Amino acid sequence: MARAVLALAAVLALAMVSSASAAPVEGPEGSAFYTPPSETPTGVAGELVRYRPATVNLQVSLPANKAWTVLYQSTAQRGEPDYVTGTVIVPTAKWTGKGSRPVVTVGIGTQGIASKCAPSKQLVNGTEYDGAAIIDSLKAGYAVDVTDYQGYTNGAIPTYTAGKAEGQAVLDIVRAARQIPGSGLTESDPTYAWGYSQGGQAVGWAGEIQSSYASNVKLSGIVAGGVPANLEEFGAFSGESVGSGLTILSAIGLQAAYPELKLGTLTAAGEEAVSDALSECAVQLIETLRGTNFRELTGNHETLEELEKSEPTFKRVLEEQSLDDKAVDAPVYHFHGLEDEFVPVAQDVNLHYDWCKLGVTDDFQLYSGDHLFTDPLGASAAIKWIEERVAGKAAPSTCGEHEPGDALPANARTAPETGDLIIKLEKWSLSGKVTEKSGISEDLPAGSTLTAEANATTGALTSELSIPPMEQTFLVGLVPVTVSGALTPTGPATGTFAFSEYGNEVSESAEGKADELVKAIKIGLLTLPIGCKTVEPIDLPLSISEPTNELAVGSFAFKAEVTLPPFGECGLLGPVLTATTSGPGNKVEITATPPAPINW
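Positions within a chain are numbered from 1, following the residues in the order the chain's sequence is written. Local features are withheld for residues below a pLDDT of 70 in this predicted model, meaning they are given only at 70 or higher, and side-chain atom pairs are given and counted only at 80 or more; totals for whole chains, interfaces and linings count all residues. Water and hydrogen atoms play no part in the side-chain values, which are based on all heavy atoms of the structure.

**Looking at the overall build of the protein chain**
Moving on, step 1. Segments assigned H or I by DSSP are reported as helices when at least four residues long, segments assigned E as strands when at least two residues long, and all are numbered from the N terminus. When helices and strands are tallied, the protein chain shows 15 helices and 23 strands.
Moving on, step 2. In summary, the protein chain has a C-alpha radius of gyration of 28 Å against a globular reference of 25 Å for 600 residues, a match within 12%.
Moving on, step 3. Along the three orthogonal principal directions, the C-alpha set of the protein chain runs to about 115 × 60 × 50 Å.
Moving on, step 4. Relative to its 600 residues, the protein chain shows a buried fraction of 55%. C-alpha atoms define the radius of gyration, and 2.2 Å times the number of residues to the power 0.38 defines the globule rule. A simple rule labels every residue: compare its accessible area, found with a 1.4 Å probe on the protein chains alone, to the largest value its type can have, and call it buried under 20%, exposed over 50%, or partly exposed in between.

Written out as structure tokens, the structure is:
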């Protein structure tokens, strides 16, 4: 009997060994890493298959870190096992905060479905534009996991906007990262999910399925911005507009996730659009397919709305991607740009109402901004929200502050943007100083603002500075001297604006003019009214050329050296002012910061 028991135990042990998953291995260099080891995965969801060291380049300074490109097992939209790639980054500095090192799993924003657009490739190549969540999390000392989502392996097509698959990939990379030798990551690490746009959809889905799909990835919080929570409304909003390319990407991605979809035979225009989608990354593709009429792409010449009616499977598939069916257990920081030209704000507001009704702790904020810039602009508030959760503070909620049917602010975009792609900055706060060649500095007064409009299609830029009256006091010896005056622009500054091919760099250049007026000088107790100004306007060059990821800090800065013309109508003080300030060598240093979220 004892021998039988021992024999049975040995057989069971051998069976367990033979059925156990293989240990992860270091993968090959080059593109071979992305080719999966077998056609059908045989392990379990979250299993790390292979890894290799990586060097992350976001074109900004990052804390010292160790990074790996990974290939791991996940689950496709309809439950089939699948391979997914991604990136894991861990700061090398020891975590000194509360508990174990937090992990942020990033649902990255729309990249495009071409193979070269895989985030893990762009993070290494220096072309990744959507780095705000990664940068801010690493600077806070957190580990970061960035999934590529399904479809970037072995020539497959990414299942763009297939929500459940995205959420599963976001959760599974957390489990896979723990298996990298030397990562130091464990199941006890508090985990946060952060995503914007497609990534907002992905982390929303991760929150809704986490308890049933990945119980060992306990989410402590979710940051979800610019969420396409309802693809029917997203498709209707983006049809034949500046966002047409995203609608076409969504149709291609959903057909990859649901091969049974019958979207019609492609016309020549349709074949060209698909070819563009499979060869270009997001920023370039948005411009290439801007204004495309979906009706022209298939032989049945139907719009998306007509296709929903004629193809019931398509309508069902769109409905399956909707968030709001299930409560998210973790608290949420949730935000959207009021002037979003790609993802309608109203449907995300409705997601807020639905989540609140389900008992979600949802802190929903609106920003005065478009889709592209609201992502980095919301980053500073988002990382602060995560840091407060890490510190143990209770999560706030805006549930109950508004009810369905309440009017949105007047500048909320309710119709799609057509024609050129316009990016607006509305009343960004300006701070900084003007340092005269004499060494005397004047601070920009509180209330100084910048309003700008960039046409990303034509490359035209206009901007306006608004600067209240200035007053600055400084000492000459021991005597206080106060100069009061004004810097008054003569009109808008005009120039150029451009994104790089991948959207990872932004450049702006504009020339404006302003009159400088000196109203009075107060020396000690004596006030001398003057009322003189420069004999001609000052040239104000405004030039920025920097990585888009620099905006992760929530502001941008520019510096210039200006030449002050002579002063006139100043009486005896004119020559003195001209001698001390006029000419080259006067420096302008300005930082522009976006408005705070709107309390609506």
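**Quick word on the sheet that holds strand E2 (residues 48–54)**
Within a sheet, each strand pairs with its neighbour through backbone hydrogen bonds, oriented either parallel or antiparallel.
Moving on, step 1. Any two strands with at least two DSSP-identified bridges between them are counted as paired. As summarised here, the arrangement of the 10 strands in space is E1-E2-E3-E4-E6-E5-E7-E8-E9-E10, forming an open sheet in which the pairing is mixed. The strands lining the two open edges of the sheet, one partner per strand, are strand E1 (25–26) and strand E10 (362–367).
Moving on, step 2. Of the pairings in the sheet, the one linking E2 to strand E3 (residues 65–75) comprises 6 bridges and is antiparallel in character. Of the residues in E3, the one forming a bridge with Tyr51 is Val70.
Moving on, step 3. On top of the sheet, helix H3 (residues 132–139) reaches strand E4 (81–91), strand E5 (103–107), strand E6 (143–150) and strand E7 (191–196); it is set at about 160° to E6, its chief contact.
Moving on, step 4. Lying on the sheet, helix H12 (residues 345–357) is in contact with strand E9 (332–337) and E10; it crosses E9 at an angle near 160°. Whether two residues are in contact is decided by their heavy atoms, any of which lying within 4.5 Å being enough. Every axis in this analysis is a line fitted to C-alpha atoms, fitted for helices over the stretch in contact. Angles between the N-to-C directions lie between 0 and 180 degrees.

**Description of the packing of helix H6 (residues 231–238) against helix H7 (residues 244–257)**
Moving on, step 1. The N-to-C vectors of H6 and H7 enclose an angle of 140°; their axes lie 8 Å apart at closest approach. On the basis of their axis angle, the class for H6 and H7 is oblique. Between H6 and H7 lies a crossing of left-handed hand. Where H6 abuts H7, its residues Leu231, Phe234, Gly235 and Ser238 lie against Ser244, Leu246, Thr247, Ser250 and Leu254.
Moving on, step 2. Partitioning the contact of H6 with H7 into residue classes produces 4 nonpolar, 5 polar and no charged. Comment on the angle field: the value is read as roughly parallel under 35 degrees, roughly antiparallel over 145, roughly perpendicular from 65 to 115, and oblique elsewhere. Handedness of a crossing follows from how the near helix is turned relative to the far one, being left-handed for an anticlockwise turn of less than a right angle and right-handed for a clockwise one. When residues are sorted by character, Ala, Val, Leu, Ile, Met, Phe, Trp, Tyr, Cys and Pro go into the nonpolar class, Asp, Glu, Lys and Arg into the charged class, and all the rest, Gly among them, into the polar class.

**Considering the packing of aromatic side chains**
Moving on, step 1. A pair of Phe, Tyr and Trp rings is counted when the ring centres sit within 6.5 Å of each other, with Trp represented by its six-membered ring. The angle between the planes then sorts it: under 30 degrees is stacked, over 60 is edge-to-face, the rest tilted. Across all of its chains, the model carries 9 aromatic pairs by this definition.
Moving on, step 2. Positioned above the aromatic ring of Phe33 is the side chain of Arg50, whose terminal nitrogen or guanidinium carbon lies 5.8 Å from the ring centre.
Moving on, step 3. In this scheme, Lys NZ or Arg CZ marks a charge over a ring once it lies within 6 Å of the ring centre and within 35 degrees of the ring normal. Of note, Arg175 hangs over the ring of Tyr213, and the distance from its end group to the ring centre comes to 5.4 Å.

**A short note on the state of the cysteines**
Moving on, step 1. Two cysteine sulfurs form what is called a disulfide whenever their separation falls within 2.5 Å. The full count for this structure, using the stated rule, is 2 disulfides.
Moving on, step 2. Two residues, Cys117 and Cys281, share a disulfide whose sulfurs are 2.1 Å apart. Measuring handedness by torsion sign, the sulfur bridge of Cys117 and Cys281 sits at about -105° and is left-handed. Pair noted here: Cys117 is in the loop between E5 and helix H2 (119–125) and Cys281 is in the loop between helix H8 (268–277) and helix H9 (282–288), with a separation of 164 residues, a long-range link.
Moving on, step 3. Given a relative accessible area of 0%, Cys117 falls into the buried group.
Moving on, step 4. Residue Cys281 is classed as buried on the basis of its relative accessible area, which comes to 4%.
Moving on, step 5. One disulfide in the model links Cys356 with Cys399; its S-S distance is 1.9 Å. Judged by the sign of its S-S torsion, about -80°, the bond between Cys356 and Cys399 is left-handed.

**Looking at the pattern of salt bridges**
Moving on, step 1. Any Lys or Arg side-chain nitrogen found within 4 Å of a carboxyl oxygen on Asp or Glu counts as a salt bridge. Scanning all chains against the criterion turns up 12 salt bridges.
Moving on, step 2. In this structure, the salt-bridge partner of Glu260 is Arg316, at a minimum N-O distance of 3.6 Å. Of this pair, Glu260 sits in the loop between H7 and H8 while Arg316 sits in helix H11 (residues 312–320), and the two are 56 residues apart along the sequence.
Moving on, step 3. Given a relative accessible area of 29%, Glu260 falls into the partly exposed group.
Moving on, step 4. A relative accessible area of 36% places Arg316 in the partly exposed class.
Moving on, step 5. Residues Arg316 and Glu320 are paired through a salt bridge, measuring 2.6 Å at the closest nitrogen-oxygen approach. Here Arg316 pairs with Glu320, and both are found in helix H11, just 4 residues apart, close to one helical turn.
Moving on, step 6. One salt-bridge network, held together by shared partners, links Arg78, Glu260, Arg316 and Glu320.

**So, helix H5 (residues 198–213)**
Moving on, step 1. Fitting axes to the seven residues ending at a residue and to the seven starting there, one defines the bend at that residue as the angle between these axes. In the structure, H5 departs most strongly from a straight axis at Gly207, where the bend amounts to approximately 40°.
Moving on, step 2. Buried residues dominate H5, accounting for 14 of its 16 residues.

**Focus: the side chain of Glu128**
Moving on, step 1. Note that Glu128 resides in the loop between H2 and H3.
Moving on, step 2. Look at Glu128: it is buried, it has no salt bridge, and the nearest opposite charge is Lys121 at 12 Å. Within this scheme the basic residues Lys and Arg register as positive and the acidic residues Asp and Glu register as negative, but His and the chain ends are omitted.

**Details of the packing of helix H4 (residues 163–177) against H5**
Moving on, step 1. Interaxial distance between H4 and H5 falls to 7 Å at its minimum, and their mutual angle equals 70°. When the axes of H4 and H5 are compared, the pair comes out roughly perpendicular. Facing H4, whose interface residues are Gly163, Lys164, Glu166, Gly167, Gln168, Val170, Leu171, Asp172 and Arg175, H5 presents Gln198, Gln201, Ala202, Val203, Trp205, Ala206, Ile209, Gln210 and Tyr213.

**Considering the confidence of the model for the protein chain**
Moving on, step 1. Here the protein chain shows a mean pLDDT of 91. Residues at 70 or above account for 96%.
Moving on, step 2. Contacts from residues 1–20, a stretch scored under 50 in pLDDT, to residues over four places away or in other chains number 0 contacts. Residue-level confidence of the predictor is what pLDDT reports, using numbers from 0 through 100.

**Some details on the nonpolar core**
Moving on, step 1. Definition of nonpolar core: a set of buried residues of the types Ala, Val, Leu, Ile, Met, Phe, Trp, Tyr and Cys, connected through side-chain atoms within 4.5 Å. By size, the foremost hydrophobic cluster in this structure holds 59 residues, and its most contacted members are Ile134, Trp194 and Ile222.
Moving on, step 2. The next biggest cluster of nonpolar side chains, apart from the first, holds 42 residues, and it includes Leu377, Val481, Ala514 and Ile521.

**Quick word on H7**
Moving on, step 1. In this analysis, the expected span of each helix is defined as 1.5 Å times one less than the number of residues it contains. Here H7 is 14 residues long and its end C-alpha atoms lie 20 Å apart, about the 20 Å a rise of 1.5 Å per residue gives.
Moving on, step 2. Every buried residue of H7 is accounted for by Ser244, Gly245, Leu246, Thr247, Ile248, Leu249, Ser250, Ala251, Ile252, Gly253, Leu254 and Ala257.

**Observations concerning the pairing of E4**
The side chains of a regular strand alternate, residue by residue, between the two faces of the sheet.
Moving on, step 1. Counting buried residues in E4 gives 9 out of 11 residues, a clear majority hidden from the surface.
Moving on, step 2. Here E3 pairs with E4 via 11 bridges, running antiparallel. Bridged to Thr69 within E4 is Thr87.
Moving on, step 3. Counted between consecutive antiparallel strands, the loop separating E3 from E4 contains 5 residues, among which Gly79 sits at a positive phi close to 100°.

**Concerning the pairing of strand E18 (residues 505–523)**
Moving on, step 1. As paired strands, strand E16 (residues 479–489) and E18 are joined by 9 bridges and run antiparallel to one another. The residue of E18 that forms the bridge with Val483 is Ile521.
Moving on, step 2. Where strand E17 (residues 493–499) lies against E18, 6 bridges are found, and the strand directions are antiparallel. Paired with Thr494 across the strands is Glu511, a residue of E18.
Moving on, step 3. Connecting E17 to the next strand, E18, in antiparallel fashion are 5 residues, including Gly503 with a positive phi near 80°.
Moving on, step 4. Pairing analysis gives 10 bridges linking E18 to strand E20 (residues 538–547), with the strands arranged antiparallel. Bridging from a neighbouring strand, Glu505 pairs with Pro547 of E20.
Moving on, step 5. What sits between the antiparallel neighbours E18 and strand E19 (residues 526–534) is a turn of 2 residues, in which Gly524 has the positive phi angle 65°.

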